[in-house]
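# Analysis of the macromolecular model
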Amino acid sequence: MASDLNWAIGGEAGDGIDSTGKIFAQALARAGRHVFTSKDFASRIRGGYTAYKVRTSVDRVESVVDRLDVLIALTERTIEENRDELVDGSVVIYDGERTSMQDVEIPDQSIGLSVPLQDLAEQAGGAIMRNVVALGAAAAVVDFPVDYLDEALVKRFGTKGEAIVANNREAARLGRDYVRGEFDIDTDYAIETTDADYVLLNGDEAIGMGAIAAGCRFYAGYPITPATDVMQYLTGRIEDFGGTVVQAEDELSAINMALGAARAGARSMTATSGPGIDLMTETIGLIATTETPLVIADVMRSGPSTGMPTKQEQGDLNQLLYGGHGEIPRFVLAPTTIAECFDRTVEAFNLAERYQVPVFLVSDLSMAVTEQTFPPERFDVDSVEIDRGKVAGPGYEESVADWTDADGHFQPHAVTDDGISPRAFPGTVDAAHMTTGLEHDERGHRTEAEDERVDQVDKRQHKVETAREREDLSWREFGDPDADTLVVSWGSNEGAIREALPELESRGIDVRVLTVPYLYPRPDLSGPIEAAERTVVVECNATGQLADVIEGDVLEEVDRIGKYTGVRFTADELADRIVERVMEVRA
Amino acid sequence: MSSETHFTDFKSDKQPTWCPGCGDFGTMNGMMKALAETGASPDDTFIVAGIGCSGKIGTYTHSYAIHGVHGRALPVGIGVKMANPDLEVMVAGGDGDGYSIGVGHFVHALRRNVDMAYVVMDNRIYGLTKGQFSPTSREDFETATSPEGTNMAPVNPTALAMAAGGTFIAQSFSSHSQRHAEIVKEAIEHDGFGFVNVYSPCVTFNDVDTYDYFRDSVVDLADTDHDPTNAERANDRIVDPDTEYIGVLYRDDDSVPYDAVRGPDQPMNDLPEGAPEGADRLVKEFY
Ligand SMILES: Cc1ncc(C[n+]2csc(CCOP(=O)(O)OP(=O)(O)O)c2C)c(N)n1
Ligand code: SF4
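Source: prediction; values computed, not measured.

### Side note on the sheet that holds strand β20 (residues 534-539) of chain A
Residue and element names in this part refer to chain A.
- On the basis of which strands lie adjacent, the open sheet formed by five strands has the order β16-β18-β17-β20-β21 and mixed pairing. Sheet topology places β16 (476-479) and β21 (559-562) at the edges, where each strand pairs with a single neighbour. Going from strand to strand, the sheet's axes swing by 25° on average, the running direction of each strand aside.
- This element, helix α18 (residues 571-586), spans β17 (485-489), β18 (511-515), β20 and β21 of the sheet and lies at about 155° to β21.

### Observations concerning the site of ligand 1
- Taken together, 17 residues are adjacent to ligand 1, and Cys53(B), Gly96(B), Asp97(B), Gly127(B) and Leu128(B) come closest.
- Chains contributing residues to the immediate surroundings of ligand 1 are chains A and B.
- Interatomic distance of 2.7 Å between a backbone N/O atom of Asp97(B) and an oxygen atom of ligand 1.
- Between an oxygen atom of ligand 1 and a side-chain N or O atom of Asn123(B), the distance comes to 3.0 Å.
- In isolation ligand 1 exposes 590 Å². Once the protein is present, 76% of that is buried.
- For the shell around ligand 1, the leading source of residues is helix α4 (residues 95-101) of chain B, giving four residues.
- Of the residues belonging to the shell around ligand 1, the class tally is six nonpolar, eight polar and three charged.

### Some words on the environment of Pro394(A)
- Among the secondary structure elements, Pro394(A) is positioned in the loop between β14 (371-374) and β15 (434-436).
- When the C-alpha positions of Pro394(A) and Asp229(A) are compared, they lie 38 Å apart, and in sequence the two are 165 residues distant.

### Side note on the site of ligand 2
- All residues in the neighbourhood of ligand 2 are listed as Trp18(B), Cys19(B), Cys22(B), Cys53(B), Asn123(B), Cys202(B), Val203(B), Thr204(B) and Phe205(B).
- Grouping the amino acids of the shell around ligand 2 by side-chain chemistry returns seven nonpolar, two polar and no charged.

### Points about the UniProt feature "domain: Thiamine pyrophosphate enzyme TPP-binding" (unreviewed entry) in chain B
- Here, UniProt's "domain: Thiamine pyrophosphate enzyme TPP-binding" (unreviewed entry) annotation points to residues 53-198 of chain B.
- Each end of residues 53-198 of chain B is marked by a C-alpha atom, and these two atoms are 14 Å apart; helix forms 36% of the span and strand 21%.

Rules used in this analysis
Residues numbered from 1 in each chain as written. Chains lettered and ligands numbered in written order. Predicted model: local features only at pLDDT ≥ 70, side-chain atom pairs only at ≥ 80, totals over all residues. Heavy atoms only, no water. Pairing = 2+ DSSP bridges. Helix = DSSP H or I, 4+ residues; strand = E, 2+ residues; numbered from the N terminus. Axes fitted to C-alpha atoms, helices over the stretch in contact; angles between N-to-C directions. Contact = heavy atoms within 4.5 Å. Near = heavy atom within 4 Å. Polar contact = N/O pair within 3.5 Å; in protein donor to acceptor, adjacent residues only side chain to side chain. Areas by Shrake-Rupley, 256 points an atom, 1.4 Å probe, with all protein chains shown as cover. Nonpolar A, V, L, I, M, F, W, Y, C, P; charged D, E, K, R; others polar. UniProt positions renumbered as here; feature names shortened; annotations may be inferred.

Dropping the structure here:
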């Protein structure tokens, strides 16, 4: 009996694959099961293969595996695309009565269940519900109570009226009853439910939720896959908290609007993906020079240029670390799990305001489009602390008078012991001042005087040093602390690495794993690297961008495992590749 | 807002480094005068400037201000106003800044109609980079980068503004100081995006569109029977290639500013010490 069930629905884009998958995932979460979803999608709206996969277990699941137990195939292509993942006894649900599906060949190892999805859907009230019929059919295969599906259907269709909900319920029941009546299936896949209640969300949503919790009030963005969900999440929600979302005409505008709002005193943010970061780069320098706090999320996809917009990659690190002309102090935070997207977003706002710098929050496509279950307590909104850093003015810690020079000029760029000067929000009496992208003196006026230039560059860099001293810019660690092999990674690979550990252990290989959420300023990894016999850096890119950075930091060579097919690592694959590396070195 | 502000309150202690005689002096003085007359004070005024000779204005004025990157002043101004409705926001720039590198933002700022004023110092040339043609340069205008003329029709800023849905479209001449201040003041007071294209001659690089030229050619709409609320009539004047009109060409008195609908009622800078009240329900939504 498989406690771990791998389920998928595939068809053409526009078939409602996503919403069907999500209904199932939500039903499972309601039933107290952990869920980890993944999507295969192409960059087109109608037509083109698309699939939504759900992995579920009573225990936590944090990655995808190359196996499918139940596959709902709405098109023949779905079977072709997933043939290699079908195992002995996998069940394939399809509508053998549809003309396009009449000649499909079900792979030998699996069991094909032809269910008249279309007919049953029409019976329930409309062909459009064939996905829901299929859901019911799949529920029968895995012995999953339809009541949970009902709940999820209400959540999905509740706003569309009772009739729609009733029809969908009927569709699910017809699918279930058909399978029960026609097939004598061995319920090898029967899935256990528990009393737990989980929330289900993706990385973009976790960023959006973190932003509101952190007091973000202004968001400006331009749609781009896979960052758009951040904007869509905030739209219609941030208003309830006194904020607003602006869809700008392009990324240049988006980041400049966000900068304007931040300059006016709002907690402000934008989110984009690689191509948008390129466009924003000039303004990143302006943000740094004017010492304006801003959070910029980069949800990476595959590049260069338009690359593969709907595919996974972690190829922007160099851009985030070094992008921009001149020298720009910045933070680069990289959550390694969906839940951590929330934490690092909250932190990003505090760091941005504490140090008055641009803060990049870097996530990736796999994290953005994946939905995962968590205990709701994992998102502890009540413990969020908002630290606005040094602000001058009534009600804030600093007084305007203390930061005003003899001539009556407020000093927004005063040189201080920690590199951080107080800022004053527009509207503050007697603190009117300008900021500029030109090099400036302490009051914000243009200067080319050598000493003032040096003071300001030093001051800006100094903030990074201060952060290194004051902040806990550490790594996360798991595995065997005494292992010879050290694996270092960032971003969404953490889940696959965690799940590869038992396999590695069974093959006699112990590893110590560090995942690094702070990429700039970053923790010093020389201790763990010296202690290990070999270090392997795992990342979704071709050149090993984190590996390069680490080598530069510790002056020691590290090994690399990269993937740039556009598809995330799976646990099995990672285990194989780590074993391969270790064996190579041993040989 | 105090009604006692004087235009000198908006002057900084920095001496402009513009060439003596540059049109930008008059443009800026008129802007300060207009601000003072509306009762704004430096503490609740925010000036955004782009890059160019024109963009230096932030240094010479006294208020909250930002001098940004080339062409992006308008979005910055929109962000400021969206975050703090209590601020008087004024954006200034050059014709290169606004109609070339930033033309996309110009079009969308007109559509978005945020309540602020946008003043363009149109000298029909690139001043700061020393005399290349600009989007408003004439077709036969010879410069270092157009030895045989630009061979392109110039952008007509007011026509562009009209086509993009501008709700206040005006033109003025920096040298007619009193009239210029009046027009800018009207732009500030307009409920929405107040756009003023200012003929602001470059005495160093443009020997065609000079003070003399403008003095001889401008026609003040105030001296005609022009009704700015009549869009059709406004359009006729805007597309008339032979006349340099000054005054308010078009004004939509029923315009509803974007920020009035989508902006907050109060400044966004006041925050609690923890997550905003009710934020815990965000988690529950994911059940
Ligand atoms: C991205 C970028 N491109 C080019 C420049 C160089 N540049 C500075 S000012 C300017 C033209 C300014 O012309 P205009 O806006 O008409 O202002 P003016 O100097 O005439 O007042 C250019 C091209 C720059 N600063 N940034
Ligand atoms: S170059 Fe032209 S625009 Fe620039 S300051 Fe001199 S006169 Fe004015």
